[in-house]
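Letter by letter, the chains look like this.
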Amino acid sequence: MTHTIKTTCPYCGVGCGISAAADEQSRHVKIQGDKNHPANFGRLCSKGSALGETVELKGRLLQPRVYGRETGWDEALDAVADSFIHVIQTYGPDAVAIYGSGQLLTEDYYVANKLMKGYIGSGNMDTNSRLCMSSSVAGHKRAFGSDTVPGCYADFELADMIVLIGSNTAWCHPVSFQRIRAAKEANPALKIVVIDPRRTATCDIADLHLPLAAGSDTILFNGLLNFLSVGYASRTAHLADMPVSDTHWGINAYAALNADYIGQHTEGFAEALACAARTVKSIAQVAAQCRLDVADVQRFYEGFAGNEKVMSLYSQGVNQSTSGTDKVNAIINCHLATGRIGKPGMGPFSLTGQPNAMGGREVGGLSHQLAAHMDFCSAEDIDRVARFWGTDHIARTAGLPAVELFDAIYDGKVKAVWIMGTNPVVSLPNADKVKQALQRCDFVVVSDCIADTDTTALAHVLLPAQGWSEKDGTVTNSERCISRQRTLFSPAGQARPDWWIISQVAGRMGFGAAFAYQAPVDIFREHAALSGFENNGRRDFDISAFAGMSATEYEQLLPIQWPVNKTYPQGRARMFDDNRFFTPSGKAQFIAITPRPPAHAPDADYPLILNTGRLRDQWHTMTRTAIAAKLNQHKPEPFVEVHPQDAAYYWLVQHGLALIESRWGAMLARVQVTDGQQQGNVFVPMHWTGQYASMGRMGTLVNPVVDPVSKQPECKHTPVRIAVYQPVWQGFMLSRQELTLTAPEYWVKIKGGQFYRYELAGQNLPDDWQNWAKAHLGGGAQTQWQEYQDAGTGNYRAAQLRGKRLESVVFIAAHNNLPERNWLTGLFDKEALDSQERRALLTGMAPLGVPDVGAIVCACFNVGENTIREAIKAQGLKTHQEVGQCLKAGTNCGSCVPEIKALL
Ligand SMILES: Nc1nc2c(c(=O)[nH]1)N[C@H]1C(S)=C(S)[C@@H](COP(=O)(O)OP(=O)(O)OC[C@H]3O[C@@H](n4cnc5c(=O)[nH]c(N)nc54)[C@H](O)[C@@H]3O)O[C@H]1N2
Ligand SMILES: Nc1nc2c(c(=O)[nH]1)N[C@H]1C(S)=C(S)[C@@H](COP(=O)(O)OP(=O)(O)OC[C@H]3O[C@@H](n4cnc5c(=O)[nH]c(N)nc54)[C@H](O)[C@@H]3O)O[C@H]1N2
Ligand code: SF4
Ligand SMILES: [Mo]
């Protein structure tokens, strides 16, 4: 029997509401967007729509394991508690650590943080949010005195201009992107500016794309602050000596500066402007240093100055930088200078990455935070939280931030670590060192819902966590909206909720009374009570209205934006609408920004800049999205984007293989030549791991240098070199069964609908291809083989059938002259091949007259490139809407609209 349950998507920070029709017996779930959820009003992207394909039990971690042996919960929990107690007694509390994740629910996060900071008494709880949001957190704190996102999604529709900085919104926040696209279609006067070194899918809706030099954002925004301030100095007596020259900065811009706002509600403007004016003198200088056209910079500045309702949306191109915090404040400075904050349609807006990036900050998940937006800077806060928690063990100083934490593990200073809901062997910079750190560590506990990840492989104790569809609790999205994630299915195997696992360990460590939670609502109530405890309006995060909530009210909780308290019982859409900030003076702070280049410039050995980021259809380390065959079609293999001139210079060819090396590691990827990439920059996706590729784990390359304020690593800027990787042979295999490969140097595993696809390349020829193929594909007596071998060219092709059903194919070539995979993969959907298809098998190409859909463009409706091209030609289609009417492509999640437009 199916029952329909409202829940929230477990992927990005848009936080879309889902209406899920789940059938417990078959473990099937039909996913639809929740029409009433304020984040998406019924829309979903390709990843959210494919969630039903990710709930299968195959690959799940179903039972606790202690040193590789499956066991029951009692033994596993005792092992964790005993080892932690032993390390703490021998070396002190700072020798243990928890490394958490913005993918934990608020309730899980709260309990983990309370255990480490409140009861173990160490600050060593940090999270993958260190790699994600910590520059935004630090920038907010400096400017507002609190980690507050001022605005809300409804502002997108009210804005006159939206600036997207370091954000590939089209792929990473697709439903917000669709909302912006719809706003622009409804109001063509809405101007969109994209600031990103790459030309991304997001540029599809841009009126202006500024492909700035990587890392130069602070120059651009210091320039903007100057531009906005032209004429201000002469009108304001105490700033008369301001070294701003009107002639360099254009005319009429000062109309934008809000002197009243600056005077009444802010501090530090003079210093910030003086610093901006000292470091950036003219638009021409900005253009030269950011490597942009003067006219484009001017257009951006005039647009910003001339439109009152400006929103600045930013993400990892801003945060993941050694100037990340400064970038955030350089942007906020321009909003404070114009008074454009806390009002409809305007403001700085940090797009959060993970589903619960915001919730993690609420509970104090970063190692310098304590709880409920209180941190270790204030003795009063520490005392307050200690009294609330009823503990005399509370940590008094900040713990180690992620990169330092793993260095401390490597150095043997931290001897036991518990990793929850994150895959640091892939996602941390200098990932090989992270791997070694865990190999050297005395005691590694990993809680995950998936059995085989690069990190679970190194665990001494593995704890099966409930995943999305099983777990139950709350998350907070980019606009401070708290939503419920609800249970759809009973747990897989022995999987337990993270909060339960942590509470059990806490109990076994002797802290039972403080962790006697029976259900998530118990934790949520406590978290809510702490947020209001001795608050009196001094802390932004206050959801004390929920402190007395009943289990039924929690069950029925509707999405609501914090704060939720006596003053704002229905939540609050916009913070700072009262012009009151959470600094000691109550005023917002300008921060003087001195632009700095990225930590390491390219040099003779490593002449290129490596940029890393996300793809439309994969989520991080692919543990869940790669299970959904649909999501593997868009970009099946790890690749590196290279500018045509760099490709020519390094002899790289389209679809050939390249070896990318940095001072820290190496990676292999398929070459994609594109002028969307700047010369001197290359881009690789962050997603591939040791589970899906032999050498696709990009974290090995990444520079571990961090921002001095936020400690966030510079994931977008590593000096690298690139060279052709020339294998002796290349090929692919398609098989109904998952295979175990006897490792060629290069392999990639791709899950399809009814098949697994393996892309292969090797340096050593096997003695005999026939034996090699049969050793891999098996098959036995009931299968028939077709084979073709040409010793002269090195080509080998084989197909294995069981009756008329295709079981597997192998295609090997000395060069990369291999057929496209689409037609062959389509044959796995058929129970029987006809004789024409069987005859064509070893050509790898559809027989004449049989259509080949081409590479899949629309993942939602499975529409291929060839189909779209043919329809465009045959029916004279002119717009993506017409393509949608004709083929449905692009009409569900809309993420492929930019690609359809490119085909048009
Ligand atoms: N499909 C998908 N969506 C996701 C995720 C996912 O894994 N897959 N992950 C989620 C998470 S956790 C996060 S944090 C967000 C991230 O969302 P985004 O930040 O939008 O994603 P990224 O691709 O990491 O980086 C964004 C852009 O920053 C640009 N950039 C690099 N250097 C600079 C620079 O110096 N200045 C500027 N202005 N731009 C620069 C890059 O070229 C890139 O296009 O996405 C969330 N959404
Ligand atoms: N070079 C480079 N590196 C980056 C980035 C980049 O842009 N470039 N981006 C950074 C950013 S912004 C982020 S957010 C990180 C993301 O990096 P990670 O956090 O390492 O990536 P995920 O694949 O999301 O890892 C989540 C893990 O938790 C498991 N999991 C899922 N749900 C649950 C649950 O409910 N409980 C438990 N216990 N486990 C669960 C999943 O199976 C998976 O193994 O990567 C960072 N690293
Ligand atoms: S935009 Fe997509 S991934 Fe993000 S929450 Fe919505 S459905 Fe999930
Ligand atoms: Mo993130």
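Keep in mind the model is a prediction, meaning the values are calculated, not measured.

**Remarks on the site of ligand 1**
Item 1. Around ligand 1 sit 35 residues in total, of which Asp196, Gly215, Ser315, Arg614 and Gln618 are the nearest.
Item 2. The backbone of Gly166 places a nitrogen or oxygen atom 3.3 Å from a nitrogen atom of ligand 1.
Item 3. With the chains in place, 99% of the 910 Å² that ligand 1 exposes on its own is no longer accessible.
Item 4. Contributions of two or more residues to the shell around ligand 1 are made by helix 6 (169-172), helix 15 (316-319) and strand 23 (608-613).
Item 5. Here the shell around ligand 1 is composed, by residue class, of eleven nonpolar, 16 polar and eight charged.

**Observations concerning the packing of helix 29 (residues 865-875) against helix 30 (residues 880-887)**
Item 1. Remark: helix 29 packs on helix 30, axes separated minimally by 11 Å, with the N-to-C direction vectors making an angle of 105°. It follows that helix 29 is roughly perpendicular to helix 30 by the angle criterion. In this structure, helix 29 contributes Thr867, Ile868, Ala871, Ile872 and Gln875 to the contact, and helix 30 contributes Val883, Cys886 and Leu887.
Item 2. Taken together, the residues of the contact of helix 29 with helix 30 sort by class into six nonpolar, two polar and no charged.

**Regarding the sheet that holds strand 2 (residues 17-23)**
Item 1. Taken in spatial order, the three strands make up an open sheet running 1-2-3, and their pairing is antiparallel. What marks the edges here is a single partner per strand, and that holds for strand 1 (2-8) and strand 3 (28-33). Taken pair by pair, the neighbouring strands of this sheet meet at an average axis angle of 25°, ignoring direction.

**A word on the site of ligand 2**
Item 1. In the vicinity of ligand 2, 31 residues are found, and the nearest of them are Gln103, Ser427, Asp448, Lys471 and Thr621.
Item 2. A distance of 3.0 Å separates a nitrogen atom of ligand 2 from a polar atom in the side chain of Arg614.
Item 3. At 3.1 Å from an oxygen atom of ligand 2 is found a side-chain nitrogen or oxygen belonging to Lys716.
Item 4. Partitioned by chemical class, the residues of the shell around ligand 2 number ten nonpolar, 15 polar and six charged.

**Details of the environment of Phe524**
Item 1. Mapped onto the secondary structure, Phe524 falls in helix 23 (residues 520-532).
Item 2. A relative accessible area of 2% places Phe524 in the buried class.
Item 3. Sequence separation between Phe524 and Gly473 is 51 residues; the distance between their C-alpha atoms is 8.2 Å.
Item 4. When sequence neighbours within four positions are dropped, the list of residues in contact with Phe524 reads Glu107, Thr474, Ile482, Ile543, Phe546, Met549 and Tyr554.

**A look at the side chain of Ser531**
Item 1. In this structure, Ser531 sits in helix 23.
Item 2. A polar side-chain atom of Ser531 sits 2.7 Å from the main-chain carbonyl oxygen of Ala528.
Item 3. One polar contact links the side chain of Ser531 to the main-chain amide nitrogen of Ile543, over a distance of 2.8 Å.
Item 4. If sequence neighbours within four positions are ignored, Ser531 has contacts with Ala372, Arg539, Phe541, Asp542, Ile543 and Ser544.

Parameters at a glance
- Residues numbered from 1 in each chain as written.
- Chains lettered and ligands numbered in written order.
- Predicted model: local features only at pLDDT ≥ 70, side-chain atom pairs only at ≥ 80, totals over all residues.
- Heavy atoms only, no water.
- Near = heavy atom within 4 Å.
- Polar contact = N/O pair within 3.5 Å; in protein donor to acceptor, adjacent residues only side chain to side chain.
- Areas by Shrake-Rupley, 256 points an atom, 1.4 Å probe, with all protein chains shown as cover.
- Helix = DSSP H or I, 4+ residues; strand = E, 2+ residues; numbered from the N terminus.
- Nonpolar A, V, L, I, M, F, W, Y, C, P; charged D, E, K, R; others polar.
- Axes fitted to C-alpha atoms, helices over the stretch in contact; angles between N-to-C directions.
- Parallel < 35°, antiparallel > 145°, perpendicular 65-115°, else oblique.
- Contact = heavy atoms within 4.5 Å.
- Pairing = 2+ DSSP bridges.
- Buried < 20%, exposed > 50% of the residue type's maximum accessible area, 1.4 Å probe, protein only.

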